[in-house]
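The chain contents come next:
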Amino acid sequence: QLQYCSNDVIYLHKIKDALYKMLVREKRLELYENCMKFLIETHGCKLNTADSQAISNQLINSGYQLSKSSDTPDLFILNSCTVTHVADKKARQALNKAKRQFPKALVVAAGCYPEKSYEDLDQMSSVDLVVPNTKKNELVSIISSTLGHE
């Protein structure tokens, strides 16, 4: 079962709205609207939820924009779990679905599943980048490097 925390989503949208208002005041809205948009899907435990929130904050601080539901993201991150083979299957399905829905987006497999099955994920045509949990603190920098936005 996918776990989402509505408070985290509300918090992230409040941050986005505050940033938007600040940019309107500073007449820098055009820069904001042209930012790379990202979407994070989280599978698994509360730690993954906390990690996803931290990744979102890091991406926003690095100039990325949280994708609205009506937007097509330029970057899709699956922060995955690997407790069971069912969790692995759901992760693969989510990655394939993301690539179908957002064919131009960079699709990133992150979290516990890449830690266990890096090579398998690296071979999937729907996955553009695999970042294991041991490199989660470098995730934003790895993504920016891949996209040429260092």
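Rules used throughout
- Residues numbered from 1 in each chain as written.
- Predicted model: local features only at pLDDT ≥ 70, side-chain atom pairs only at ≥ 80, totals over all residues.
- Heavy atoms only, no water.
- Helix = DSSP H or I, 4+ residues; strand = E, 2+ residues; numbered from the N terminus.
- Buried < 20%, exposed > 50% of the residue type's maximum accessible area, 1.4 Å probe, protein only.
- Contact = heavy atoms within 4.5 Å.
- Salt bridge = Lys/Arg side-chain N within 4 Å of Asp/Glu carboxyl O.
- 1 Å grid on protein atoms, 1.4 Å probe; cavity = no way out; pocket = protein on both sides within 12 Å on 5 of 7 lines; lining within 4 Å.
- Points joined across faces, edges and corners; volume = space filled by probe spheres on them.
- Nonpolar A, V, L, I, M, F, W, Y, C, P; charged D, E, K, R; others polar.
- Pairing = 2+ DSSP bridges.
- Core = buried A, V, L, I, M, F, W, Y, C linked by side-chain atoms within 4.5 Å.
- Right-handed = clockwise from strand over helix to strand, strands pointing away.

Asks: Residue-level account of the overall build of the chain, with values.
Replies: Along the backbone of the chain there are 6 helices and 5 strands. Element order for the chain, N to C, with α for helix and β for strand: α-α-β-α-β-β-α-β-α-β-α. Taking all 150 residues of the chain together, the buried fraction comes to 43%. Contacts spanning at least 24 positions in sequence make up 64% of the contacts within the chain whose residues lie at least 6 apart.

Asks: An account of the pattern of salt bridges is requested, with residue identities and associated values reported.
Replies: Within this structure, the stated rule accounts for 3 salt bridges. Across the pair Asp51 and Lys136 runs a salt bridge whose closest N-O atoms are separated by 3.0 Å. Of this pair, Asp51 sits in helix H3 (residues 46-61) while Lys136 sits in the loop between strand E5 (129-132) and helix H6 (139-147), and the two are 85 residues apart along the sequence. On the accessibility criterion, Asp51 (14% relative accessible area) is buried. Overall, the relative accessible area of 29% leaves Lys136 in the partly exposed class.

Asks: A description of empty space enclosed by the protein should follow, citing residues and the corresponding values.
Replies: Under the counting rule described, the total for this entry stands at 1 cavity of 30 Å³ or more. If you add up the space inside the largest cavity, you get close to 60 Å³. For the lining of the largest cavity, the secondary structure elements donating two or more residues are H3, strand E4 (106-111) and E5. For the lining of the largest cavity, the per-class residue count stands at 5 nonpolar, 3 polar and 3 charged.

Asks: Just give me the short version of the sheet that holds strand E3 (residues 75-80), but keep the residues and values in it.
Replies: Taken together, the 5 strands give an open sheet; going across it, the order is E2-E1-E3-E4-E5, and neighbouring strands pair in parallel fashion. Only two strands of the sheet have a single partner each, and these edge strands are strand E2 (65-66) and E5. The sheet contact formed by strand E1 (residues 37-42) and E2 spans 2 bridges and is parallel. Looking across to E2, one finds that Phe38 is bridged to Leu66.

Asks: So what's going on with the nonpolar core? Residues and values would help.
Replies: Formed by 17 residues in total, the largest nonpolar core has its most connected members in Phe38, Leu59, Leu75, Ile77, Val108, Leu139 and Ile143. Secondary-structure elements contributing two or more residues to this core are E1, H3, E3, E4, E5 and H6. Setting aside residues up to four positions removed in sequence, Leu75 forms contacts with Lys37, Phe38, Leu39, Leu59, Tyr64, Ala105, Leu106, Val108 and Ile143. Judged by nonpolar contacts, the second largest core, of 15 residues, contains Ala91, Ala98, Tyr113 and Val127.

Asks: Residues and numbers for the pairing of E1, please.
Replies: One face of the sheet, then the other: side chains in a regular strand alternate in exactly this way. With respect to burial, E1 is a largely interior element, 5 of its 6 residues being buried. Each parallel crossover has a hand, and the one from E1 via H3 to E2 is right-handed. Examined bridge by bridge, E1 and E3 share 5 bridges and lie parallel to one another. In the strand pairing of E3, Glu41 is matched with Leu78.

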